[in-house]
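# Close look at the chain arrangement
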Amino acid sequence: MELYNLKHPSQEVNFSQAVQLGLGKDRGLFFPKSIPVLNNIDELLELPFAERSKKVLGAWLADELGQDKVDALVDKAFTFDVPLQEVDYHRSCLELFHGPTLAFKDFGARFMAQCVNLLAGDKGLTILTATSGDTGAAVADAFYGLDKVDVVVMYPKGKISELQAKMFTTLGKNIHTVAVKSDFDACQHLVKQAFDDPEVRDGLALNSANSINISRLLAQICYYFEAIAQAKKAGHENYVVSVPSGNFGNLTAGLFAKAMGLPITRFIAATNSNDTVPRYLDNGQWSPNETIATMSNAMDVSEPSNWPRVEAICEKMGWPLSDISGLALNELQTSEALMNLYQLGYQSEPHAAIAAQGLRQLLTKDEYGIFLGTAHPAKFKDVVDKELSVDLPLPKELQAVVNKPCLSVDLSANFGELKAHLFATLR
């Protein structure tokens, strides 16, 4: 697999190098020089999830890694179910929260961890990542206990749910957590500053586990194939996928799946009050506002890192950006969307509810809608209980951490402070 830096196209790397570098020169994102097209889609959709995923990922990676290694990576990473749950006659939810940390990011994080473990050799490295919610837990779980990898997770203090935080701030060992007294965009900016500092980047052998890392995106392609496979078996066609969108890695993966030949008619990029992309799709002006804290906090992102990849895919495939519909809901509308699903007999959480509402508003009568359920409702128990007047029981994964002490260190959004902390902690 050959990739190039979107900011500096002359910088070219293979998959192994892209995984280990994370970002290119000047924080540029790595993008594939070519996108493999699968000509046997109907046959692939008949296969079980893991077996199909081996072929999908093999189309990208077998030439470099060998198909046997790709198969082994999938067997170790994808060990949980991906059900498509019908909500009403024209919409279903692809439930991506049946992994160990109850969130869709288990797919990308576990696959990335296996790739890093395969490719790292004898060198140790440091995973530095920012999270607006579920990335932290998924990455921490995937890398926990690995001898050659330290993980540093930064998150906006007080702006993710307590239960989300408990899943990664209570682990210890090689998992180090930092509560930044600001918002997610500030956390993300600190990550970028660290990668721009040679002393930090090279001295600590930095890598990132955000969706900027190509290995995570490739893994996420696989569940789009599973969504269409299940919808097709149920007799549906003309598929529209609504994606809860924060940093836009999930939508990027969906576009890669479509580019490979998966028959998705179009996408809806569903967001909350942090509506940079919907406004951009509407008026062509990229004008991020200050990040707003919402009940759908994993989407509290005003400057999504993956958007350049979205535009690069559309340009490469000759797709107009207008093929992506943007939708943004405020807090009242999010609450109403959550209640609407509940009244239909489906208990969800704010992110999926926004995506479901996108289908409700934008789906045409001849289309079938799939929205992504990105997290277990109990990960947002406080919000869901309040909005729906219920008392959600905690699944065993959350019950196990609810009373554990938080091990995070509080820092301001200051790079010098972060740099000192990293060297004091990891050296």
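This report concerns the structure included in the present document. Predicted, not measured: the structure shown is a model, and the values here were computed from it.

### Quick look at the state of the cysteines
Each disulfide consists of one covalent bond between the sulfur atoms belonging to two cysteines. The final tally for this structure, using the stated rule, is zero disulfides. You can see C93 has no disulfide; the closest cysteine sulfur is in C222, sitting 19 Å from it. Sulfur of C406: no disulfide; nearest cysteine sulfur belongs to C187 and is 14 Å away. Residue C406 is classed as partly exposed on the basis of its relative accessible area of 45%.

### As for the side chain of T131
Note that T131 resides in the loop between strand 6 (125-130) and helix 6 (134-143). A distance of 3.3 Å separates a polar side-chain atom of T131 from the backbone nitrogen of T135. If near-sequence neighbours (up to four positions away) are discounted, T131 is found in contact with G136, V153, M154, Y155, P156, F168 and F184.

### Description of unusual backbone geometry
Its identity is not glycine, yet R27 carries a phi of approximately 65°, on the positive side. Within the secondary structure layout, R27 lies in the loop between helix 1 (15-21) and strand 3 (30-32). Its relative accessible area of 27% is what places R27 among the partly exposed residues. For K173, which is not glycine, the phi torsion reads 55° and is therefore positive. Residue placement: K173 occurs in the loop between helix 7 (162-169) and strand 8 (175-180). The class of K173 is exposed, set by a relative accessible area of 68%.

### Some details on the sheet that holds strand 2 (residues 12-14)
The three strands are arranged 2-1-3 in an open sheet whose pairing can be described as antiparallel. Of all the strands in the sheet, the pair left with one neighbour each is strand 2 and strand 3. In this sheet, adjacent strand axes meet at a mean angle of 40° when their direction is disregarded. Relative to strand 2, strand 1 (residues 2-5) runs antiparallel, the two sharing three bridges. Within strand 2, the position partnered with Y4 by the bridge is E12.

### What about the nonpolar core?
Formed by 103 residues in total, the largest nonpolar core has its most connected members in F15, F78, F143, I221, Y224 and F225. Per-element tally for this core: the top contributor is helix 10 (residues 214-233), with 13 residues. A353, A356, V384 and V390 belong to the second-largest nonpolar core, a separate cluster that totals 27 residues.

### What to know about the pattern of salt bridges
A complete count under the given rule lists 16 salt bridges for this structure. The shortest N-O distance in the salt bridge between D196 and R27 comes to 3.3 Å. Of the two residues, D196 is situated in helix 8 (residues 184-196) and R27 in the loop between helix 1 and strand 3; the sequence distance between them amounts to 169 residues. Two residues, D88 and R91, come together in a salt bridge whose shortest N-O distance is 2.8 Å. In terms of burial, D88 and R91 fall into one category: buried. Salt bridges sharing common partners tie together E51, K54 and D75.

### Structural notes on the pairing of strand 4 (residues 84-88)
Where a strand is regular, its side chains alternate between the two sheet faces. Judged from the four bridges that link them, strand 4 and strand 5 (residues 91-95) form a sheet pairing that is antiparallel. Looking at strand 5, one finds that E86 is bridged to S92.

### A short note on the sheet that holds strand 4
Strand order in the open sheet formed by six strands is 4-5-13-10-11-12, and the pairing between neighbours is mixed. The sheet is open, and its two edges are formed by strand 4 and strand 12 (324-328), each paired on a single side. The mean inter-strand angle of the sheet, taken between neighbouring strand axes irrespective of direction, is 25°. As paired strands, strand 5 and strand 13 (residues 368-373) are joined by five bridges and run parallel to one another. The residue of strand 13 that forms the bridge with E95 is G373.

What counts and what doesn't
Residues numbered from 1 in each chain as written. Predicted model: local features only at pLDDT ≥ 70, side-chain atom pairs only at ≥ 80, totals over all residues. Heavy atoms only, no water. Disulfide = S-S within 2.5 Å. Buried < 20%, exposed > 50% of the residue type's maximum accessible area, 1.4 Å probe, protein only. Helix = DSSP H or I, 4+ residues; strand = E, 2+ residues; numbered from the N terminus. Polar contact = N/O pair within 3.5 Å; in protein donor to acceptor, adjacent residues only side chain to side chain. Contact = heavy atoms within 4.5 Å. Pairing = 2+ DSSP bridges. Axes fitted to C-alpha atoms, helices over the stretch in contact; angles between N-to-C directions. Core = buried A, V, L, I, M, F, W, Y, C linked by side-chain atoms within 4.5 Å. Salt bridge = Lys/Arg side-chain N within 4 Å of Asp/Glu carboxyl O.

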